[in-house]
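An overview of the molecular structure
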Amino acid sequence: MKIKKRFLAITVIPGLLFLLYASLIPTSDPIAPITLALSPNPVLAASGSPSFAGKTIRIIVGYSPGGGFDTLSRVLARHMSRHFPGNPTILVANMTGAGGAVSFNYVYSRAKPDGRTWVTSDGALILSKILGIPGPNFDVEKFPWLGVAQESHTVCLVMTRTGIKTADQFLKSKKRIRIASTVPGDSVHIRPIMAAQAVGANFKLILGYHGTSGMRLAMHGNEADAACWGWQSMKVTGADMMKRKEAIPILQIGFGRHPDLPKVPNILDFPMSQDDKKMLRLVMGPGSIAKIFAAPPGTPPEILKVLRRGFADTLKDPKLRAEAKKLKISLVYTPPEKITQIIKEMISTPTELKKKVAKIARPG
Amino acid sequence: MPMAYLWLYIEALFTALISICQWPTFGFMLIGIAIGFVVGILPGLGSGTALVLMFPFIFEMEPVRAFAFLLGMASVVSTTGDITSILFGIPGESDCAASIIDGHPLAKQGQAGRAVAASLMSSLMGAIFGGLVLTLSIPLVRPLVLSFGSPGIFMLSILGLTFIATLSGGDVLKGLVAGGFGILLALVGLDGFTATPRYTLGQFYLWDGVPLVPLTIGLFAIPEVVDLAVKGGSIAQASIGKIGGVMEGVKDSFRHWKLVLRCSGIGALIGIMPGVGSSVGQFLAYAHAVQSSPNQERFGHGAIEGVLGPGAANNSKEGGSLVTTVAFGVPAGLHSALLLGAFTILGLTPGLAMLRPEQNLHLTYSLVWTIIVANLITVPLCFLVLRQLVMFTQVRGSLIIPILLMLIFLGGFVNNTFGDMVMVLLFGAIGLLMVNFGWMRPPLVIGLVLGRLLEKSFFISVDAYEGFGWLGRPVVVILLLIIAAGVFVPVVQRIKERRKQVKEVPTRWKLNYGALFSLGAVVIFAVAIWNAWSWLPRARIFPLTIFIPVLVIAVLNFLKDLRKPPSKEVVKGTDGEVSAQDLSLVRKKTINILGWIGGFFLALWWLSFPLGIPLATFLYLKVTSRESWLISILLTVVSWAFIEGIFGYFLHFLFPEGELFILFSKIISI
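Below, the structure is looked at part by part. (Residues numbered from 1 in each chain as written. Chains lettered and ligands numbered in written order. Predicted model: local features only at pLDDT ≥ 70, side-chain atom pairs only at ≥ 80, totals over all residues. Heavy atoms only, no water.)

1. Thoughts on the overall build of chain B
- Tallying secondary structure elements over chain B gives 25 helices and two strands in all.
- For 670 residues, the compact-globule estimate of 2.2 N^0.38 gives 26 Å, and the C-alpha radius of gyration of chain B, at 25 Å, lies within 12% of that figure.
- Its C-alpha atoms put chain B at 80 × 65 × 65 Å along the principal axes.
- Per-residue burial for chain B yields a buried fraction of 60% across its 670 residues.
- Long-range pairs, those at least 24 residues apart, make up 80% of the contacts in chain B with a sequence separation of at least 6. (Helix = DSSP H or I, 4+ residues; strand = E, 2+ residues; numbered from the N terminus. Rg over C-alpha atoms; globule rule 2.2 N^0.38 Å. Buried < 20%, exposed > 50% of the residue type's maximum accessible area, 1.4 Å probe, protein only. Contact = heavy atoms within 4.5 Å.)

Structural data, given as structure tokens:
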């Protein structure tokens, strides 16, 4: 009996406290599931102009907490509210699975198109859809994009102990160059492999490392001679290696030269066949839409307009820019029209070339 | 000159201690500890999520304060997470699952106080050891990690797998089959070399593999709930002393100090190795505790060593994994990955500068001190509230079961997808059957956590060193010798002993449920092999190499079960004669609780968490437990407040939409 009393005391008191708390704050919205089901589109008020007053917008991130996507989304979320009518609360939720595809599918086919659920994902998912690889279940041309917040410009970093000093030596080395990589189809795999194919470089891809940090460790431990990944992360995570001249950026695999690296040659500077060039452009495409944001298809145009404007304004926000600088996150803003154009170019690649790339990205 | 240099190290060590003891740094650490305390205890609230939510607060802080805040939290979650594992059989954190295996049986025997005390003390010792490792290994860490490399990780995985035999609880055949099944589960998903979807059953959800947390929760916690419901009474079936032998637990950790130190070492080593994963250390430590014990039969039934080992390892790993993070900027686990993010925010670059006394070494040492001091504060604090915590094991089961079910489903909900719930249920069923037919569950988990690692590190080694030259590396040879010493010697001894024993008289061949379950295992491996046959070579080599021998073992095991029905685990407290009436009551109760587990699942599926859980809780309390209206309503409100408040309001959990609501809104829109 005594135990029962004590047990009740420790469980009931916090419960009652919470009730009090919830009743004092109107936004707690305890019957949200019911109201959500009953009202067809709460954002579009009767007056016509969309307002998110008192509402919550969720950005669904297809990757685990603390990763690149998660950090970027959380930084954006902190500064977004003031750029949307009604100043909604912006939240980030992680829904992992199948390299981000689970969250993409969820938002494409299950989320309500009321502007309150978005998804952020990797441009690579769009590539795999274009390549016809089974998995992500969406129509690339029907997804309403909000914008891109970050690009990924691939750069190859080579250990100086190999004696390689120029891109020419890197691409024409007689000795095999071991390139650390993660999983097939990932940009750290497919871009160096397509580059090697285009110019006949002697690369051996070592798959299986855990993220770019695993690849870096492999370079330190002499399991690999080089690795290629996004400059946006390399200039932070590879800073120590580059500062101590253990490794140097040797080659860029992206559209043009990155402003930070005016002297490092780009793979497209080297002679190659038209087909190889097309395939390279296809696999480099996702780099320009690396961190892409989208709303569910069927979102009413007037809401979409507000979302796109808010997204664009957020990325111009000086406060966000300052915070991103502190976090060493490079931001860009790519508008939806530009995204559609990039995706169209990727789709227009001849089918037999797409098949070739698909075979490398997904051999099994 | 070296003396002067050493002096610099010592100076950095003390500067660091002073810096974290200063106000307000110390205050930030206390806040961090308070958060960590709660995060550790609550299943479903992972330390990763908590760290991410704490991030925005560190932007304007000085590095030492920011780390005291973040690491203060991160270094105590495993300490308090063990408490939930022991008391309720539900892992409070993903790296506390191994504490359930022996900790929860102790709680059931009324020795919750002893188990928790032992776990707390070993956690403290582990944390201090991990801190020491971090301190002492700083000059050596780079060569140490680099000399290990992928071949070292491969040998380490092999060493881990050899523990399967020890963990089999006397039935090595079953242990090996279970271990093989664990490896099979580890291979589920897109293969890392050819992107072949292996054993994904056409399910997208499985592309990333079988998630560990829902699996361990299903495997370990569901059978405990069923057990509690069938036996009736409270979790603690007996009461020993006032709070179940707290002093005894403290003494235990000193009595087995060598084991605690060795397991701390295992935890720190696994922590240092990047890419191995934070869940591996606890299970290897547990396995080591079993292996090094003279009487292994006690394990799984409440051996205190089985609590001490994981307790020490999951705390010492923090120090270990920070070593790699600081030295290379390569995070070895989830915590260190997030802390690495904090480095960036604070404008620090991991690397040699963090290891040099004339540069930022004092910062690195402040991390060490935070781990140690945070645990020095948390552990006594836990002892203060131990009495209240242990009380939960004495509350009658009919009240506690709905709460446990809520924690089970919440705890399993890690990827924000409904598939997690299905996993909890599926592995709950497998766990129940395994317990019922005398299969040990730890080998399965070992197989799961090591399977992928084994395959990956093997192929990386072959690719990176072009062949098998790496087999001659000193690390590989040393680990090979350890494996040989640790495994083959006791095996040979046991075979000798067994020869002396009189052979059992074989019973008649008879098909029984146990044998049917074993037949199921045979079928699974046969299908797995048949499936793998058509894959690309890289994708099939590993599964075929492992599963063909496992299939043979599974067949042998099936034949053995046909001859001698495995003894059903006797329900404790009812040993003695079991009347037919009792049996039918047990059956009734079992069906009842299984129905409720399914009911909770359906409620979640149709109504989602915020409505489903309170409703199911209320119905359970009113219908099965026959509690009074007052208690039923109060507990229902509490469960609702817990879900809406902590998970909905504070953590903004993305609960899946209830299937009924979706249907409903569709009807309305038509």
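Okay, back to it.
2. Examining the packing of aromatic side chains
- One pass over the structure, following the stated rule, counts 37 aromatic pairs over all chains.
- When the centroid spacing of 5.9 Å and the interplanar angle of 80 degrees are considered together, the rings of F88(B) and F392(B) count as edge-to-face. One end of the pair, F88(B), is in helix α5 (residues 77-88); the other, F392(B), is in the loop between α16 (361-391) and α17 (397-412), with 304 residues separating them in the sequence.
- Three or more aromatic residues joined by ring pairs form one cluster here, namely F154(B), F193(B), F458(B), F459(B), F468(B) and W470(B).
- Over the ring of F69(A) we find K291(A); its NZ or CZ atom is 4.9 Å from the centre of that ring.
- Note that R538(B) overlies the ring of F193(B), its terminal NZ or CZ placed 5.4 Å from the centroid. (Phe/Tyr/Trp six-rings, centres within 6.5 Å; stacked < 30°, edge-to-face > 60°. Lys NZ or Arg CZ within 6 Å of the ring centre and 35° of its normal.)

3. A closer look at the sheet that holds strand β10 (residues 291-294) of chain A
All names here are of chain A.
- With respect to topology, five strands assemble into an open sheet ordered β2-β1-β3-β10-β4, the strand pairing being mixed. Both outer strands of the open sheet, β2 (89-94) and β4 (145-150), are each paired with one neighbouring strand and no more. Between one strand axis and the next, the sheet turns by 25 degrees as a mean value, whatever way the strands run.
- Pairing of strand β1 (residues 56-61) with β2 involves six bridges; the strand directions are parallel. Its bridge partner lying in β2, R58 is registered against L91.
- The strands touched by helix α3 (residues 68-80) within the sheet are β1, β2, β3 (117-122), β4 and β10, with β2 carrying the most contacts at an inclination of about 170 degrees.
- On top of the sheet, helix α12 (residues 301-316) reaches β3, β4 and β10; it is set at about 15 degrees to β4, its chief contact. (Pairing = 2+ DSSP bridges. Axes fitted to C-alpha atoms, helices over the stretch in contact; angles between N-to-C directions.)

4. Some words on empty space enclosed by the protein
Residues and elements named next belong to chain B.
- The full count for this structure, using the stated rule, is three cavities of 30 Å³ or more.
- In this structure, the largest cavity encloses a volume near 60 Å³.
- Around the largest cavity, the lining residues are F88, H104, K108, E224, V225, D227, L228, I235, Q237 and L404.
- When residues in the lining of the largest cavity are grouped by element, the largest group, four residues, is from helix α10 (residues 212-231).
- Of the residues in the lining of the largest cavity, the class split is five nonpolar, two polar and three charged. (1 Å grid on protein atoms, 1.4 Å probe; cavity = no way out; pocket = protein on both sides within 12 Å on 5 of 7 lines; lining within 4 Å. Points joined across faces, edges and corners; volume = space filled by probe spheres on them. Nonpolar A, V, L, I, M, F, W, Y, C, P; charged D, E, K, R; others polar.)

5. Some remarks on the side chain of D276(A)
Residue and element names in this part refer to chain A.
- Mapped onto the elements of the fold, D276 is located in helix α11 (residues 274-288).
- It turns out D276 is buried and unbridged, and the closest side chain with the opposite charge, K356, is 6.0 Å from it.
- If sequence neighbours within four positions are ignored, D276 has contacts with Q197 and A198. (Lys, Arg positive; Asp, Glu negative; His and termini not counted. Salt bridge = Lys/Arg side-chain N within 4 Å of Asp/Glu carboxyl O.)

6. Concerning the packing of α12(A) against helix α13 (residues 318-326) of chain A
Residue and element names in this part refer to chain A.
- Orientation of α12 relative to α13, taken along the N-to-C sense of each, is 55 degrees, at an axis distance of 5 Å. When the axis of α12 is compared with that of α13, the two are oblique. Taken together, the residues of α13 that come into contact with α12 (itself represented by T314, L315 and K316) are P318, L320 and R321.
- Residues belonging to the contact of α12 with α13 are distributed by class as follows: three nonpolar, one polar and two charged. (Parallel < 35°, antiparallel > 145°, perpendicular 65-115°, else oblique.)

7. Thoughts on helix α9 (residues 172-187) of chain B
Residue and element names in this part refer to chain B.
- Look at α9: 22 Å from first C-alpha to last across 16 residues, which is about the 22 Å you get at 1.5 Å a residue.
- The element α9 is extensively covered by neighbouring structure, given that 13 of its 16 residues are classed as buried.
- After α9 finishes, the residue G189 shows a positive phi value of roughly 120 degrees. (Expected span 1.5 Å × (residues − 1).)

8. Some thoughts on the interface of chain B and chain A
- Each partner contributes to the interface: chain B provides 74 residues, whereas chain A provides 75 residues.
- The interface formed by chain B and chain A contains two salt bridges.
- Notably, a salt bridge pairs R142(B) with E246(A), separated by 3.8 Å at the nearest N-O pair.
- At the level of elements, α3 (47-54), α8 (141-166), α15 (334-345), α17, α19 (442-464), α24 (629-650) and α25 (659-669) of chain B are the ones that each hand at least two residues to the side of chain B that touches chain A.

9. Observations regarding the state of the cysteines
Residues and elements named next belong to chain A.
- Enumeration over the complete set of coordinates arrives at one disulfide over all chains.
- Linked covalently through their sulfurs, C156 and C228 form a disulfide whose S-S length is 2.2 Å. Disulfide C156-C228: torsion about the S-S bond near 100 degrees, hence right-handed. Of this pair, C156 sits in strand β5 (residues 154-159) while C228 is found in strand β8 (residues 226-230), placing the two residues 72 residues apart along the sequence. (Disulfide = S-S within 2.5 Å.)

10. Describing the environment of S366(B)
Residues and elements named next belong to chain B.
- Relative to the elements of secondary structure, S366 occurs in helix α16.
- What makes S366 buried here is its relative accessible area of 1%.
- In sequence terms S366 and C21 are 345 residues apart; their C-alpha atoms lie 9.8 Å from each other.
- If we skip the residues at most four places from it in the chain, S366 touches A16, S19, I20 and V64.

11. A word on the nonpolar core
- F547(B) and F609(B) are the most contacted members of the largest nonpolar core, which totals 277 residues.
- Here the element with the most residues in this core is α16(B); it accounts for 14 residues.
- In terms of nonpolar packing, the next biggest core, distinct from the first, is built from 67 residues, Y106(A), I130(A), F138(A) and I267(A) among them. (Core = buried A, V, L, I, M, F, W, Y, C linked by side-chain atoms within 4.5 Å.)

12. Concerning unusual backbone geometry
- The peptide bond linking W23(B) to P24(B) adopts the cis configuration, its omega dihedral lying at 5 degrees.
- Looking at where P24(B) falls in the secondary structure, it is placed in the loop between α1 (2-21) and α2 (25-41).
- Of note in the backbone geometry, K328(A) takes a positive phi value of approximately 55 degrees without being a glycine.
- Tracing the backbone shows K328(A) in the loop between α13 and α14 (336-347).
- Of the residues examined, K328(A) reaches a relative accessible area of 38% and is grouped as partly exposed.
- The phi dihedral of A195(B) is positive, around 60 degrees, even though this residue is not glycine.
- Its place among the elements puts A195(B) in the loop between β1 (189-190) and β2 (197-198).
- Taking the relative accessible area as the measure of exposure, A195(B) reaches 3% and is therefore buried.

13. Topic: the packing of helix α6 (residues 98-108) of chain B against helix α14 (residues 305-328) of chain B
Residues and elements named next belong to chain B.
- Between α6 and α14, the shortest axis-to-axis distance is 8 Å and the interhelical angle comes to 145 degrees. Two packed elements cross with a definite hand, and for α6 against α14 that hand is left-handed. Contacts from A98, S99, D102, G103 and L106 in α6 reach G306, V307 and P310 in α14. (Left-handed = near helix turned anticlockwise from the far one by under 90°.)

14. Focus on the pattern of salt bridges
- Under the definition given, this model contains 30 salt bridges over all chains.
- Residue R244(A) pairs with E246(A) through a salt bridge whose shortest N-O separation is 2.6 Å.
- Across the salt bridge formed by K316(A) and D313(A), the nearest N and O atoms sit 3.8 Å from each other. Taken together, the positions of K316(A) and D313(A), both in helix α12 and three residues apart, correspond to about one turn of that helix.
- Residue classification places K316(A) among the exposed positions, given a relative accessible area of 61%.
- Residue classification places D313(A) among the partly exposed residues on the basis of a relative accessible area of 28%.
- Where salt bridges share partners, they join D240(A), R244(A), E246(A) and R142(B) into one cluster.

15. A look at a nonpolar patch on the surface
- On the surface, a cluster of nonpolar side chains totalling about 670 Å² of accessible area is made up of M3(B), L6(B), W7(B), I10(B), F14(B) and I18(B).
- With respect to the secondary-structure elements, L6(B) resides in helix α1. (Patch = residues over 30% accessible without salt bridge, like charges linked within 9 Å, V, L, I, M, F, W, Y side chains within 5 Å. Areas by Shrake-Rupley, 256 points an atom, 1.4 Å probe, with all protein chains shown as cover.)

16. Comments concerning the pairing of strand β7 (residues 203-206) of chain A
Residues and elements named next belong to chain A.
- Neither face of β7 is open: one carries F203 and L205, the other K204 and I206, and all of them are buried.
- Two strands pair when backbone bridges link them, and strand β6 (residues 177-180) and β7 are joined in this way by four bridges, in the parallel orientation. Its bridge partner lying in β7, A180 is registered against I206.
- For the segment spanning β6, helix α7 (residues 187-199) and β7, crossover handedness is right-handed. (Right-handed = clockwise from strand over helix to strand, strands pointing away.)

17. Looking at α24(B)
- End to end, α24(B) covers 29 Å across 22 residues, agreeing with the expected 32 Å (1.5 Å per residue, within 8%).
- In the stretch just after α24(B), H652(B) is the one whose phi turns positive, near 55 degrees.

18. A closer look at the environment of A526(B)
- Locating A526(B) in the fold gives a position in helix α21 (residues 513-532).
- The sequence separation of A526(B) and F547(B) amounts to 21 residues, and the corresponding C-alpha distance is 8.3 Å.

Nothing here speaks to function; it is geometry throughout.
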